[in-house]
Amino acid sequence: MSNYLETTANVYKEAALKPDVGLCCTTTPIWQLPGLTIPKIMQEMNYGCGSTVHPRDLINNPKILYVGVGGGMEVLQFAYFSRQAEGVIGIDIVDEMLTACEKNLVEAENQNPWFESSFVSLRKGTALQLPVDDCTVDIAAQNCLFNIFTKEDLKMALAEMYRVLKPHGRLVLSDPVTEQHMPDSLKNDEKLRALCLSGSLPLQEYLDMITEAGFGTVEVRAKRPYRILSPGQYDTQELIVLESVEVCAIKDPMPEDGPCIFTGKTAIYYGNEEYFDDHKGHVLMPNQPLSICDKTAKAISSLQRKDIYISDATYFYDGGGCC
């Protein structure tokens with residue numbers, strides 16, 4: 001599969017020259033924000049599987065990096081929150097996609113009085129060698145790009161994102177995952193990999209690669225059904241279900257006992273004492289739910305208390321947790 005990145009570039013060259021509405025199917029609605037109008041062409045070129053734009057990440061005029069610009073929709077959405085010269089850096093390796101994005105941003109400027117094209121700096125480059133200085137961005141994001149990479153290249157891409165982020169900066173990702181076996185014939189099909197179908201990893205393996213890059217805190221914010229690879233249509237003996245996952249990885253120091261990974265678990269104390277304290281920084285008040293990371297959930301579960309309920313992972317986490 002030595003030429004899979006070239007195949008990918010050709011797929012998105014064609015998608016830039018002739019928008020392909022069915023290329024990807026985002027699983028989240030398009031943001032409806034006051035004063036924000038997204039040109040139709042950007043919506044048609046929304047080649048993602050979820051969203052990486054979360055208002056709670058975008059405070060205090062952040063510097064934002066977005067890799068794989070597509071038609072520019074998420075670049076525009078990020079600029080809505082940044083609104084500063086070169087506040088958003090958009091990276092793409094495909095010349096035709098950069099040209100299309102630049103054209104679409106001009107159209108966005110015509111439709112949005114607040115927006116200026118100078119808010120976005122478009123640069124040619126690859127996720128494997130970002131044309132961005134160390135520790136210079138607050139938010140780094142990619143949507144349905146990293147799942148294309150082989151594991152070796154994914155490791156490089158995650159390391160690059162970690163490099164350019166400031167301390168406590170956030171990497172926001174949206175990618176397909178699958179818990180089922182992906183046949184080698186599909187994994188090695190360059191076109192299917194380019195179409196964001198056959199490079200999908202199991203969620204835990206995906207999270208492991210993120211934490212191995214050094215991110216000390218990881219939030220799984222959403223997980224939804226995405227696509228089906230069925231026998232007869234693809235070279236598989238079983239139905240393969242792909243899910244779209246949205247993850248935020250924070251460049252926090254790595255805790256001595258391992259990363260804090262939030263998958264939507266909650267603890268509720270319902271005992272007779274005033275509160276429960278595990279003496280490790282986690283205090284549970286009676287019948288007040290607390291979001292907890294998987295590490296804390298495991299530690300409390302090991303106590304085998306009869307007065308603490310711990311939920312299963314919901315794969316939906318919106319902050320306010322134990323760490």
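Structure first, text after, so check above.
Bear in mind that the values here come from a model prediction, so they are computed numbers and not experimental data. (Residues numbered from 1 in each chain as written. Predicted model: local features only at pLDDT ≥ 70, side-chain atom pairs only at ≥ 80, totals over all residues. Heavy atoms only, no water.)

**Q** I'd like a description of the sheet that holds strand 2 (residues 88-92), backed by residues and values.
**A** Spatially, eight strands are ordered 3-2-1-4-5-7-6-8 in an open sheet, and the strand pairing comes out mixed. With one partner strand each, in any of the chains shown, strand 3 (120-124) and strand 8 (260-262) form the two edges of the open sheet. Taking the axes of each pair of neighbouring strands and ignoring which way they run, one obtains an average angle of 20° across the sheet. With four bridges connecting them, strand 1 (residues 64-67) and strand 2 associate as parallel partners. Pairing of leucine 65 across the sheet is with isoleucine 89, part of strand 2. Lying on the sheet, helix 3 (residues 73-82) is in contact with strand 1, strand 2, strand 3 and strand 4 (137-143); it crosses strand 1 at an angle near 175°. (Pairing = 2+ DSSP bridges. Helix = DSSP H or I, 4+ residues; strand = E, 2+ residues; numbered from the N terminus. Axes fitted to C-alpha atoms, helices over the stretch in contact; angles between N-to-C directions. Contact = heavy atoms within 4.5 Å.)

**Q** Describe the sheet that holds strand 12 (residues 290-292), and please don't skip the residues or the numbers.
**A** In space, the three strands of this open sheet follow the order 12-9-13, with antiparallel pairing throughout. Each edge of the open sheet carries a strand with a single partner, namely strand 12 and strand 13 (308-310). Within this sheet the neighbouring strands show an average axis-to-axis angle of 30°, counted without direction. Here three bridges tie strand 9 (residues 265-269) to strand 13, and the two strands are oriented antiparallel to one another. Note that in strand 13 the partner of isoleucine 268 across the bridge is tyrosine 309. Contacts between helix 9 (residues 294-301) and the sheet are confined to strand 9, strand 12 and strand 13, with strand 13 contributing the most and set at about 140° to the helix.

**Q** Got a sec to walk through the pattern of salt bridges? Specific residues and values, please.
**A** Throughout the structure, instances matching the rule amount to 14 salt bridges. One salt bridge in this structure joins glutamate 219 and arginine 56, with 3.5 Å as the shortest N-O distance. Highlighted residues: glutamate 219 in strand 6 (residues 217-229) and arginine 56 in the loop between helix 2 (40-44) and strand 1, separated in sequence by 163 residues. A relative accessible area of 35% places arginine 56 in the partly exposed class. With a shortest N-O distance of 3.2 Å, glutamate 246 and arginine 224 are connected by a salt bridge. Pair noted here: glutamate 246 is in strand 7 (residues 240-250) and arginine 224 is in strand 6, with a separation of 22 residues, a long-range link. Residues joined in a network through salt bridges with shared partners are Arg56, Asp57, Arg170, Glu219 and Arg221. (Salt bridge = Lys/Arg side-chain N within 4 Å of Asp/Glu carboxyl O. Buried < 20%, exposed > 50% of the residue type's maximum accessible area, 1.4 Å probe, protein only.)

**Q** Which residues make up the environment of alanine 141, and what values go with them?
**A** Of note, alanine 141 is situated in strand 4. When the C-alpha atoms of alanine 141 and methionine 161 are compared, they prove to be 8.6 Å apart, with 20 residues separating the residues in sequence.

**Q** Describe the packing of aromatic side chains, with residues and values.
**A** In this structure the tally under the stated criterion is ten aromatic pairs. In textbook terms, an aromatic cluster arises when at least three aromatic residues are bridged by ring pairs, as seen for Tyr80, Phe81, Trp114, Phe115 and Phe119. Over the aromatic face of tyrosine 80 sits the side chain of arginine 83, whose NZ or CZ is 4.7 Å from the ring centroid. The side chain of lysine 251 reaches across the aromatic face of tyrosine 162, ending 4.5 Å from its centre. (Phe/Tyr/Trp six-rings, centres within 6.5 Å; stacked < 30°, edge-to-face > 60°. Lys NZ or Arg CZ within 6 Å of the ring centre and 35° of its normal.)

**Q** How would you explain the environment of cysteine 135 if you had to name every residue and give the values?
**A** Tracing the backbone shows cysteine 135 in the loop between strand 3 and strand 4. Once the C-alpha coordinates of cysteine 135 and lysine 251 are considered, the two residues, 116 residues apart in sequence, prove to be 10 Å apart.

**Q** An account of helix 3 is requested, with residue identities and associated values reported.
**A** The periodicity of an α-helix, 3.6 residues per turn, causes residues three or four positions apart to be oriented the same way. Helix 3 sits mainly inside the fold: ten of its ten residues count as buried. Listing the buried residues of helix 3 in full gives Met73, Glu74, Val75, Leu76, Gln77, Phe78, Ala79, Tyr80, Phe81 and Ser82. Lining the buried residues of helix 3 we find helix 2, strand 1, strand 2, helix 4 (95-111), strand 3 and strand 4. Just downstream of helix 3 lies arginine 83, where phi reads positive at about 50°.

**Q** With reference to specific residues and values, describe the packing of helix 5 (residues 151-164) against helix 8 (residues 203-212).
**A** Packed helices, taken two at a time, are described by the angle between their axes plus the distance between the axes. Running from amino to carboxyl end, helix 5 crosses helix 8 at an angle of 45°, the nearest separation of the two axes being 9 Å. By the angle between their directions, the pair helix 5 and helix 8 is classed as oblique. Once helix 5 is placed against helix 8, the crossing between them reads as right-handed. Of the residues in helix 8, those touching helix 5 at Lys151, Leu154, Lys155 and Leu158 are Glu205, Met209 and Ile210. (Parallel < 35°, antiparallel > 145°, perpendicular 65-115°, else oblique. Left-handed = near helix turned anticlockwise from the far one by under 90°.)

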